[in-house]
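Commentary on secondary and tertiary structure
Letter by letter, the chains look like this.
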Amino acid sequence: MSATPDVDYSRITLLETIRRQGKEWDTLAPRYGVTNPNPPWKTSLVGMCDCLATGGSLPALDRRKAEDELGNAVYSEVPAPERELLALVHTMLSRGLVTEGELAARMRTVRSRLEVV
Amino acid sequence: MSTGHTHDDHDHDHGHEHPAAPMVDEITDYEILEIAVRELAIEHGLFTAEDHRRFTEWAESVGPINGSRLVAKAWTDPAFKALVLEDGVKACKEGLGLDWAEPTGFGTPSDYTNFVVLENTPTLHHIIVCTLCSCYPRPILGMSPEWYRTTNYRRRLVRWPREVLAEFGLIVPPEVEIRVEDSNQKCRFMVLPVRPEGTENWTEEQLTAIVTRDCMIGVALPRPGRTADVHPIHKARRPVESSQRAAE
Amino acid sequence: MTANEIPKASGAAPRFKVGDRVRVRQMPNMFYTRTQSYVRGVIGTIAARTYKDLIPEEDAFNYDGKVEQYYIVRFRQKDLWEEYPFDNDTLQTESPEHWLEPA
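In short, a report on the structure.

Thresholds, definitions, all that
Residues numbered from 1 in each chain as written. Chains lettered and ligands numbered in written order. Predicted model: local features only at pLDDT ≥ 70, side-chain atom pairs only at ≥ 80, totals over all residues. Helix = DSSP H or I, 4+ residues; strand = E, 2+ residues; numbered from the N terminus. Buried ≥ 20, exposed ≤ 12 C-beta atoms within 10 Å, placed from the backbone. Contact = placed C-beta atoms within 7 Å. Rg over C-alpha atoms; globule rule 2.2 N^0.38 Å. Pairing = 2+ DSSP bridges. Axes fitted to C-alpha atoms, helices over the stretch in contact; angles between N-to-C directions. Nonpolar A, V, L, I, M, F, W, Y, C, P; charged D, E, K, R; others polar. Arc of directions from axis to C-beta.

Turning next to the overall build of chain C. Tallying secondary structure elements over chain C gives 1 helix and 5 strands in all. For chain C, the α and β elements follow one another from N to C terminus as β-β-β-α-β-β. Put simply, chain C has 103 residues, and 27% of those count as buried. Put simply, 62% of the contacts in chain C that link residues at least 6 apart link residues at least 24 apart.

This next bit is on the overall build of chain A. Secondary structure summary: chain A contains 6 helices and 0 strands in total. Along the chain direction, N to C, the helices and strands of chain A fall in the order α-α-α-α-α-α. Computed over its C-alpha atoms, the radius of gyration of chain A comes to 15 Å, within 12% of the 13 Å expected for a compact globule of 117 residues. For chain A, the spread of C-alpha atoms along the principal axes amounts to about 50 × 25 × 25 Å. Looking at chain A as a whole, 40% of its 117 residues qualify as buried. The long-range fraction of contacts in chain A, counting pairs at least 24 apart against all pairs at least 6 apart in sequence, stands at 66%.

Taken together, 7 strands build an open sheet; the order of strands is β2(B)-β3(B)-β4(C)-β3(C)-β2(C)-β1(C)-β5(C) and the sheet is mixed. The sheet is open, and its two borders are formed by β2 (124–129) of chain B together with β5 (100–102) of chain C, each paired with just one other strand. In this sheet, neighbouring strand axes are inclined to one another by 35° on average, regardless of whether the strands run parallel or antiparallel. Contacts from helix α8 (residues 151–159) of chain B reach β2 and β3 (177–182) of chain B together with β4 (90–96) of chain C, with the element oriented near 150° to β2(B).

Counting residues at the interface gives 42 residues for chain B, matched by 47 residues for chain A. Of all the secondary structure elements, the ones that give two or more residues to the side of chain B that touches chain A are α1 (29–43) and α2 (49–61) of chain B. Ranked by residue count, the leading element in the side of chain B that touches chain A is α1(B), at 13 residues. Looking at the side of chain B that touches chain A residue by residue, the class counts come to 21 nonpolar, 11 polar and 10 charged.

This next bit is on the environment of Leu88(A). Residue and element names in this part refer to chain A. Position of Leu 88 among the secondary structure elements: in helix α5 (residues 82–94). The spacing of Leu 88 and Cys 49 is 39 residues in sequence and 8.3 Å in space, taken between C-alpha atoms. Sequence-distant contacts of Leu 88, defined by excluding residues within four places in its chain, comprise Cys 49 and Arg 63.

Residues and elements named next belong to chain C. Of the two faces of strand β1 (residues 21–24), only one is covered, namely that formed by Val 22 and Val 24; the face formed by Arg 21 and Arg 23 stays uncovered. Two elements, β1 and strand β2 (residues 43–54), share 3 bridges in a ladder whose sense is antiparallel. Its bridge partner lying in β2, Val 22 is registered against Gly 44. The pairing of β1 with β5 spans 3 bridges and is antiparallel. Of the residues in β5, the one forming a bridge with Val 24 is Leu 100.

Below, the discussion takes up unusual backbone geometry. Omega for the peptide link from Ala80(A) to Pro81(A) comes to -10°, which places this bond in the cis form. Structurally, Pro81(A) can be placed in the loop between α4 (60–73) and α5. Note the cis peptide between Glu102(B) and Pro103(B), where omega equals -5°. Tracing the backbone shows Pro103(B) in the loop between α5 (88–96) and β1 (114–119). Its identity is not glycine, yet Tyr112(B) carries a phi of approximately 55°, on the positive side. On the neighbour-count criterion, Tyr112(B) (24 C-beta atoms within 10 Å) is buried. The phi angle at Asn201(B) is positive, at roughly 70°, despite the residue not being glycine.

Within the span of helix α1 (residues 13–21) of chain A, buried status applies to Leu15(A), Ile18(A) and Arg19(A). The buried side chains of α1(A) occupy one side of the element, clustering within an arc of 100° when seen end-on. Facing away from the buried side of α1(A) by more than 90 degrees, the exposed set consists of Thr13(A), Glu16(A), Thr17(A), Arg20(A) and Gln21(A). On its buried side, α1(A) packs onto α5 of chain A together with α1 of chain B. The positive-phi residue at the C-terminal boundary of α1(A) is Gly22(A), with phi of around 65°.

What follows is the structure, given as structure tokens:
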């Protein structure tokens, strides 16, 4: 008889930084003349959501409820699928599945890895 | 409801792999974020890399073309149609080689293995929604369109189905029964539309081309010549031009 | 047992058959549930039996690991929404047996 944890609406600095850059696929793809309707990471995001549900870390109904509320309150200006990604990470941070510090650090590592020519 | 023209509205190729268009020439923080959170999740033991790969590959493999084929087959083969209506999962397996048990052997954690096809008639029109969380029959239709997932659609469709359908450009006569299917448990649903006039003697391939995703959700009707889901914007024929705008 | 594995055990015999009139019970909203508020207390008809499955753990006072029948229940839209203007329109949704009582 577990209650669903409440959604934490407080903005998260790391995610706000990303959001404010405005680099959504919607905007970038036309600029580059790219016709794929979705960014390349979209299916990976879907895979991650299914994995989190299967393992029990984040059931689908909980995730979607948080996504609805965060999507309407905090990330309302962000188009899909970026809004879905931000809402997912926001929820994972709220639940302590990952921490903001380690996420910021990992992002730096990943970026330097990907930008090596 | 103003859906605008989002990517998910343009389904010209029914979920075929898009041709290899070039990627955008920069690595966004969104791309980095997805990788970073995934790596950390795996390291924290929330799931394995192998499971993620399996679900991602599955997500890449599904699309609405299978739904279109199912409908076209049902329209041309009465025995297959009977099977579709009696046992949707079996019909997918036998008619399309599509297995609802993929990729785990028990289906996915959102799609399960209870697929029900809802048959439209000239006096009955089905429309599908999931008010709770936008459950959708991904194995046969691929990923749901964005408008289907919005709270806007989910809250309004159950109460004002005719108004919402009108926004999609579909007006249903009052004497036709509109039946909303709210998929709140483990059944997953798809609409089998009425075969339109003007398609007599068409091949399965020709029929497949006019059965778009929106027809199988219930917000559109198939008809000859209609091969893409485009929602009406009602652009002005004579847009207002102000001198102020011209000066900007 | 994962959420996807529908138990082979048949459990009790289904209480309702297609065509039966049923009312969605009014149960306290203490728990997470998939039964929408807009159908509570409304009378509908059994349109189909779907499958047997466990009652969701969060959705019962006495979770006892039992399997029960799920149904598709059909309602008249006029019975769900005040001032709904179209007589013929209906709405269907799924319900586990313990949310239903004979009407």
